[in-house]
Amino acid sequence: MAKIPGLVKGLGVTFGTMMRTITKGANTVQYPHEKEIPPIRSRGVIALHQDNCTSCMLCSRSCPDWCIYIEAHKDLAPPRREGGKVRTVNKLDRFDIDYALCMYCGICVEVCPFDALFWSPEYEYSEPNIADLLHDKSKLSEWMETVPEAPALEVGADKKKK
Amino acid sequence: MTLTTDRLGDRQKLSYIAGQAADARVNLELETEGMTLNIGPQHPATHGTLRIIARLDGEQVVWAEPSCGYMHRGYEKLTEVRTYPQVTTLVNRIDWLGSFANEVPFILAAEKLMGVEAPPRAQWIRTILFELSRIANVSLFLGDLGVQLGAITPVFLAFRDREYVLNLIESATGGRFHPNFDRIGGLKEDLPAGFIDETKAVMKKLRNFCDEIETLLFGNEIFQSRTRGIGIIPRGVALQYGLSGANLRASGVDWDLRRDQDIAMAWNKVNFKVWTHPDGDSFARCWIRLQETREATLIVDQLLDGIPSGPVMAKVPKIIKVPEGEAWVSTENPLGEMGYYVVSRGDLGPFRVKIRSASFNNISITPWLLRGVYVPDIITILASLYFILGDIDR
Amino acid sequence: MIQSTLAVVVPYWGQSLLRVLGGLVAVLLPAGTIVYLFLFKMMSFMQSRLGPMEAGPYGSLQLVAEVGKWMQKEDIVPQRADKFIFKIAPVVVLVSTFLLVVVVPFGPDAYFTDFETGVFYALAVSSISVLGILMAGWASANKYSLLGGLRAAGQLIAYELPMVLAVMGVVIQAGTMNMQRIVVAQNAGSMFGFDGLGNPYVLTQLVGFAVFMISIQAELTQAPFDMPIAESELVSGYMTEYSGFRFLIFFIGEFATAGVFAMIASVLFLGGWGVPFAWFGWTSINDVADWMNLVGPLILLSKMMLVVFIIMWVRFSYPRFREDQLQRFAWKILIPVSLANIMVTAVLKVAL
């Protein structure tokens, strides 16, 4: 059998791709009419659970870009039991993350000992003005609603000890 | 037929003689001979901001020199003031296409200093993600090769099939391009459910993609006449200039750190073939990378079948202080041999890190290689050497 | 021409105006259709994507948006450029296209002019664009443009010869250089006594057709012969320094020339505006019905689309030749093949 020259076979590949696109549709997602759902662990935005945060500053210190700004003041809280000691707690004044600097590395989320920071796959928060990318704690708390449940782990993984 | 093959070896002799003659002409006459052309730093052909200063005589290059540094980000200085997790984040961005592969030698060096070894499950998963990065990196190369040479369709096919690999990496680590998944002692977390089956399906798709590219691009007579016999690097010269990766293997040197080195990864648990090619021309370099992509899909399949169960993190303290010492670890990255020399003084972060990146050594051969070639061949040679600017300049 | 179709008497200036408008439509309408169908849609489908979809239904108004975009851009003339030549170079390239369409017949009575030496005129006029490209390359005061212009000059002149020689085979077989009579000869003719398909010269002149297609691929500087543009090396070759309206002229000119060359290919090889006369029982051009004047352009357009499909398909699939390989291909392979084709055609024409 005569060997079909590579030139002709190459034409066959492009023609086949064209027919496949016409009959089965393209591989692209027509944003904004269709939106792709990112995977659960996708690092879209960091959400803050304000009640858990004790302003220990661990996240702020471990950020490679130093993009987390925290300010807090001490406050008095009522004792846990009747007749006990008055407790001092930290109350958050300001918890800003500058998303213009954020590298989406996740060190702050990982390092937080009180589970106050969570990843969320939300990605549609772009702003026309770069200064508007500094989001304060109210906006970060809003994003808590978009935080998904952690996915199930693969076969063979160790069960979490929590 | 002169269309498809030049006599191999003749071209090398001719280019050497042409280089000598051109040198003689340039030295005897005034600077007005020839035209100096700046290819880059802003140019569609160079993979980033590389500048090649070429002195041309008509269409032939008399003298060429790469001028890199337009993308220098000061990595080695940055690492001096950061902790180990922060450095891992940064180091992702050196070779941004095969990003997980950058983290691995650094973490292995730190683990060597600490004296811990990651548990077997972590080692296997690290190897799987490493090979997935290799596939992502080299499949982009295969598409880009077409664009450099004028075929505009393969690059779209490459991006289309690379998306599947990036989605896999995103489902496991959270980031498509910068996974930031390796930690001293193991991995950040385990794989999500369904990863193994999805990966096997994606590997099948990628093997189809390799076949498509082979038919569309490599089988094309025009492509072969553009790349065969162009930019021949003899074996001795390749070793002298410190080339690594596919460039070295294309000159006939059988050298693969995955097989020859004994480090804490799972490559010695699987069978794979190391591809070499005797020619040393551009076609050989491109062809080897195609075969390596296929081989990587087979490696991933074998690894997926045998992942051991267990934890993914060894017992390490929460705040990691690496003891004093120096360690060097290098691995077979998609671009070549990448290594880290980590000097530690017992702190939270390294004292000094020296990064040996593959592309910096790979382009050191261009002044020697580009003398006497035609202008279109410059692009072919640069495309076949395959460098990433972040890797050259760090 | 118009007076026989319409029942009114149109004065000479009216006829000329109609011819000018007709010429504009005949060049720009196929150009627009080609750009939309093949550049936006077919290229996208071959690359597994959908192409422009937002401007108009299925992106059909994308070309309007592109024209608007290019027209509102700043008109930059480089400081050291040769201003006069820089400004008229795109016009020269487009002029050759308009001059070329004058000789293409669209129907039995629908043509602009009927030269006796139509083929000769067409081949001569198609080389005016070489001048325009050289002017653009030199006047841009840019080393990349100069390289692109010089490469283009060498390439276009080299591929003129195979084009001419390939067409010679058709002329020998038809026995005339008049484009209208070539169309009639193809549609009224018969192959070995069977006249159901006419006598399209693509079958007997297959070699000539192949050489002609390769030559027009090179004349249009499309891949695999797009060294002058060579996007990954020369950024745009001779078009690098052009922006705004001038670039638009180059862009539309490229696709308009593709359309017109395809029209000439379909006239010479595929039977032009006609269907085989035997289907309707016509024997000569005087028998052809008047409605053919309206249907003929449509038939020609569809044949042109087929030829452009082949040109674009090859363009999107192949990498490009290097300049010396290109020249070697033209001088050492195409010209001997087309010369052999002429000899065989001449011998068979006399023998059969």
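Residues numbered from 1 in each chain as written. Chains lettered and ligands numbered in written order. Predicted model: local features only at pLDDT ≥ 70, side-chain atom pairs only at ≥ 80, totals over all residues. Heavy atoms only, no water.

Undergrad: Teacher, can you tell me more about the overall build of chain B here?
TA: Counting its secondary structure elements, chain B contains 16 helices and eight strands. In terms of C-alpha radius of gyration, chain B reaches 22 Å, essentially the compact-globule figure of 21 Å for 394 residues. Overall, chain B is about 70 × 45 × 35 Å in size when its C-alpha atoms are taken along their principal axes. Relative to its full complement of 394 residues, chain B shows a buried share of 63%. Within chain B, contacts between residues at least 6 apart in sequence are counted, and of these 72% link residues at least 24 apart. (Helix = DSSP H or I, 4+ residues; strand = E, 2+ residues; numbered from the N terminus. Rg over C-alpha atoms; globule rule 2.2 N^0.38 Å. Buried < 20%, exposed > 50% of the residue type's maximum accessible area, 1.4 Å probe, protein only. Contact = heavy atoms within 4.5 Å.)

Undergrad: What should I look at first to understand unusual backbone geometry in this one?
TA: Among all residues save glycine, negative phi is the norm, and among peptide bonds the norm is trans. In this chain, A:Tyr31 is followed by A:Pro32 through a cis amide linkage whose omega measures 0°. Its place among the elements puts A:Pro32 in the loop between helix H1 (6–24) and strand E1 (45–48). Backbone geometry at B:Asn180 places phi at a positive 55°, although glycine is not the residue there. Structurally, B:Asn180 can be placed in the loop between helix H6 (154–173) and strand E4 (182–183). Given the relative accessible area of 1%, B:Asn180 is considered buried. For C:Ser48, which is not a glycine, the phi torsion comes out positive at approximately 65°. Tracing the backbone shows C:Ser48 in the loop between helix H2 (12–46) and helix H3 (62–71). Residue class for C:Ser48 comes out buried when judged on its relative accessible area of 4%.

Undergrad: Honestly, the nonpolar core in this entry has me stumped. Any pointers?
TA: In terms of nonpolar packing, the biggest core is built from 107 residues, with C:Met42, C:Tyr159, C:Phe212 and C:Leu268 touching the most fellow members. C:Met42 has contacts with A:Met18, C:Leu37, C:Phe309, C:Met312, C:Trp313 and C:Phe316, leaving out every residue within four places of it along the chain. In terms of nonpolar packing, the next biggest core, distinct from the first, is built from 89 residues, B:Leu168, B:Cys210, B:Phe218 and B:Val270 among them. (Core = buried A, V, L, I, M, F, W, Y, C linked by side-chain atoms within 4.5 Å.)

Undergrad: Mind showing me how you'd approach the pairing of E1(A) here?
TA: The side chains of a regular strand alternate, first on one face of the sheet and then on the other. All names here are of chain A. Burial along E1 is two-sided: Val45 and Ala47 facing one way and Ile46 and Leu48 facing the other are all buried. As paired strands, E1 and strand E4 (residues 117–120) are joined by four bridges and run antiparallel to one another. Within E4, the position partnered with Leu48 by the bridge is Leu117. (Pairing = 2+ DSSP bridges.)

Undergrad: Is there a simple way to think about the packing of helix H7 (residues 143–174) of chain C against helix H12 (residues 245–270) of chain C in this case?
TA: In helix packing, the relevant descriptors are the interaxial angle and the interaxial distance, both defined with respect to the helix axes. All names here are of chain C. The contact between H7 and H12 brings their axes to 10 Å, and the two run at 30°. When the axes of H7 and H12 are compared, the pair comes out roughly parallel. On H12, the residues that touch Met163, Ala166, Val167 and Val170 of H7 are Phe261, Leu268 and Phe269. (Axes fitted to C-alpha atoms, helices over the stretch in contact; angles between N-to-C directions. Parallel < 35°, antiparallel > 145°, perpendicular 65-115°, else oblique.)

Undergrad: What is the right way to look at the sheet that holds strand E6 (residues 325–332) of chain B in this model?
TA: Within a sheet, neighbouring strands are paired by backbone hydrogen bonds and run either parallel or antiparallel to one another. Residue and element names in this part refer to chain B. Spatial strand order, E6-E7-E8: three strands in an open sheet with antiparallel pairing. Looking at the sheet topology across the chains shown, the edges are occupied by E6 and strand E8 (352–356). Adjacent strand axes in the sheet meet at a mean angle of 10°, parallel and antiparallel pairs treated alike. Sheet topology places E6 next to strand E7 (residues 337–344); eight bridges connect them, and they run antiparallel. For Ala327, the partnering residue across the bridge sits in E7 and is Val342.

Undergrad: I would appreciate a short explanation of the packing of aromatic side chains in the present structure.
TA: Pairs of aromatic rings are described using the distance from one ring centre to the other and the angle between the two planes. On inspection of all chains with the given rule, the structure shows 30 aromatic pairs over all chains. Summarising the aromatic geometry, the rings of A:Phe15 and C:Trp313 are spaced 5.1 Å apart at their centres and angled 45° between planes, so their arrangement reads as tilted. With A:Phe15 in helix H1 and C:Trp313 in helix H13 (residues 292–317), the pair connects residues from two separate chains. Residue classification places A:Phe15 among the partly exposed positions, given a relative accessible area of 31%. (Phe/Tyr/Trp six-rings, centres within 6.5 Å; stacked < 30°, edge-to-face > 60°.)

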